[in-house]
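What follows is each chain in one-letter form.
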Amino acid sequence: MNVKQFSLFVLAALLGAGIAIGAFVSFVPQVEQESAVQAPQRLQVANTAQTNVPFDFVDAAAKTTPAVVHIRSTVSRKSRDSEMENPFEFFFGNPGGGGQRSGTGSGVLIAQDGYIITNNHVIENASEIEVTLSDQREFKAKL
């Protein structure tokens, strides 16, 4: 590439960039910038006598954290046929080996007698489920 071709290339690039920036500025509406510091918003709290009570996240977290649990599940592999369901394992095998797979997730205690709500993928086909409470106590669970 000689100097003349290179100069035309640079000129075309600059012209294209100028057209793109001009189109952007003229067609995209300008958004007014808001102040980074805003006054705290008040939330409506349901079922209380007071209205416009400021939301206290620390209080809410302190009340709800004991109900959150950590769930560890183990799925036993019955045969090598189960690998056919997972294309990744079909092509690359099971690098962990063995006949078990484990997973973790979270859940929420919803009753005093220990009922927990969690997502299905956390406990699906689990042969063993262990639950850890926020105070670090561990329990075996059943589906």
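Residues numbered from 1 in each chain as written. Predicted model: local features only at pLDDT ≥ 70, side-chain atom pairs only at ≥ 80, totals over all residues. Heavy atoms only, no water.

Caption draft 1: Summary view of the overall build of the protein chain. Looking only at helices and strands, the protein chain features four helices and five strands. Mapped in sequence order, the helices and strands of the protein chain form the string α-α-β-α-β-β-α-β-β. Considering the protein chain as a whole, with its 143 residues, one finds that 12% of them fall into the buried category. Long-range contacts, defined here as pairs at least 24 residues apart, represent 58% of the contacts in the protein chain between residues at least 6 apart. (Helix = DSSP H or I, 4+ residues; strand = E, 2+ residues; numbered from the N terminus. Buried < 20%, exposed > 50% of the residue type's maximum accessible area, 1.4 Å probe, protein only. Contact = heavy atoms within 4.5 Å.)

Caption draft 2: Local environment of the nonpolar core. Counting residues in each nonpolar core, the largest one holds seven residues, listed as Val-69, Ile-71, Val-122, Ile-123, Ile-129, Val-131 and Leu-133. Elements supplying a minimum of two residues to this core: strand E1 (68–76), helix H4 (120–123) and strand E4 (128–132). Ignoring any residue separated from it by four or fewer positions in sequence, one finds Ile-71 in contact with Gly-103, Thr-104, Gly-105, Ser-106, Gly-107, Ile-116, Thr-118, Val-122, Ile-123, Ile-129, Glu-130 and Val-131. (Core = buried A, V, L, I, M, F, W, Y, C linked by side-chain atoms within 4.5 Å.)

Caption draft 3: Representation of unusual backbone geometry. Phi is positive for Asn-125, which is not a glycine, with a value near 60°. By the secondary structure assignment, Asn-125 is in the loop between H4 and E4.

Caption draft 4: Region of the structure containing the pattern of salt bridges. Scanning the model with the defined rule gives five salt bridges in all. Note that Arg-137 is salt-bridged to Asp-135, the shortest N-O span being 2.8 Å. Note on Arg-137: relative accessible area 46%, which makes it partly exposed. Through salt bridges with shared partners, one network takes in Arg-72, Glu-128, Glu-130 and Lys-140. (Salt bridge = Lys/Arg side-chain N within 4 Å of Asp/Glu carboxyl O.)

Caption draft 5: Local environment of the pairing of E4. Here five bridges tie E1 to E4, and the two strands are oriented antiparallel to one another. Across the sheet, residue Thr-74 finds its bridge partner in E4, namely Glu-128. Here E4 runs beside strand E5 (residues 138–141); their pairing, made up of four bridges, is antiparallel. Within E5, the position partnered with Ile-129 by the bridge is Ala-141. Between E4 and E5, which pair antiparallel in sequence order, lie five residues; one of them, Gln-136, sits at a positive phi of approximately 75°. (Pairing = 2+ DSSP bridges.)

Caption draft 6: A look at the sheet that holds strand E3 (residues 116–118). Spatially, five strands are ordered E3-E2-E1-E4-E5 in an open sheet, and the strand pairing comes out antiparallel. Each having just a single partner strand, E3 and E5 make up the two edges of the open sheet. Across the sheet, the mean angle separating the axes of adjacent strands is 35° when strand polarity is ignored. (Axes fitted to C-alpha atoms, helices over the stretch in contact; angles between N-to-C directions.)

Caption draft 7: Spotlight on a nonpolar patch on the surface. Nonpolar side chains collect at one region of the surface, where Met-1, Phe-6, Phe-9, Val-10 and Leu-14 lie side by side and expose about 590 Å² of accessible area between them. Residue placement: Met-1 occurs in the segment before helix H1 (3–27). (Patch = residues over 30% accessible without salt bridge, like charges linked within 9 Å, V, L, I, M, F, W, Y side chains within 5 Å. Areas by Shrake-Rupley, 256 points an atom, 1.4 Å probe, with all protein chains shown as cover.)

Caption draft 8: A look at the confidence of the model for the protein chain. Scored by pLDDT, the protein chain comes out at a mean of 77, with 66% of its residues at no less than 70. Least confident of the elements in the protein chain is helix H3 (residues 87–92), whose mean pLDDT is 67; most confident is E4, at 93. (pLDDT = per-residue confidence, 0-100.)

Caption draft 9: Focus on the pairing of E1. In this structure, E1 lies alongside strand E2 (residues 100–109), joined through nine bridges in antiparallel fashion. Within the sheet, the bridge partner assigned to Thr-74 lies in E2 and is Ser-102.

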